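A closer look at the structure
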Amino acid sequence: LQDLNSQESKDEASLAKMKKQLRDMEAKIKDQEEELDEQAGTIQILEQAKLRLEMEMERLRQTHFKEVESKDDEVEEIRQSCSKKVREIIVFIFNNIISCLRVGGNLLLVAREG
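Please read these numbers as outputs of a predicted model, since none were measured by experiment. (Residues numbered from 1 in each chain as written. Predicted model: local features only at pLDDT ≥ 70, side-chain atom pairs only at ≥ 80, totals over all residues. Heavy atoms only, no water.)

**Some details on the pattern of salt bridges**
Condition: Definition used for salt bridges: Asp or Glu carboxyl oxygen within 4 Å of a side-chain nitrogen of Lys or Arg. Numbering of helices and strands runs from the N terminus; a helix is a DSSP stretch of H or I covering at least four residues, while a strand is a stretch of E covering at least two. Burial classes follow relative accessibility: with a 1.4 Å probe on protein chains only, a residue under 20% of its type's maximum area counts as buried, one over 50% as exposed, and anything between as partly exposed.
Counted by the stated rule, this structure contains five salt bridges. Of the charged contacts, one joins Arg61 and Glu58 as a salt bridge, the two residues approaching to 2.6 Å between their closest N and O atoms. Of this pair, Arg61 and Glu58 both sit in helix 1 (residues 2-113), three residues apart, roughly one helical turn. Close ionic contact of Arg79 with Glu76 constitutes a salt bridge, the shortest N to O distance being 2.7 Å. One end of the pair, Arg79, and the other, Glu76, are both in helix 1, three residues apart, so they sit about a helical turn from each other. On the accessibility criterion, Arg79 (46% relative accessible area) is partly exposed.

This is the structure in structure tokens:
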């Protein structure tokens, strides 16, 4: 009888201990689920921030490309304008040289005749 009573009290103590462990584990699971939900929320916020940054980076890349393209066009216009001016100066100098040669030739003719 004593053996049975002691066995029964051991079973009750064991059962109480197991129930406490079950409650502790359920509380731990609940805490971990809450932490997991918080982490999922953080991940979602970070993914949205990443997407915004990627979009901003693409916008900046396009803006930079347009600026570079615009500068290239501007440089090409300046190059063409300078090239045209150089050609005009060359023609002007050439025409002046021709005029000087004509005047010089005429002076030689006048000097020979006179």
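That covers the picture; the talk isn't over yet.
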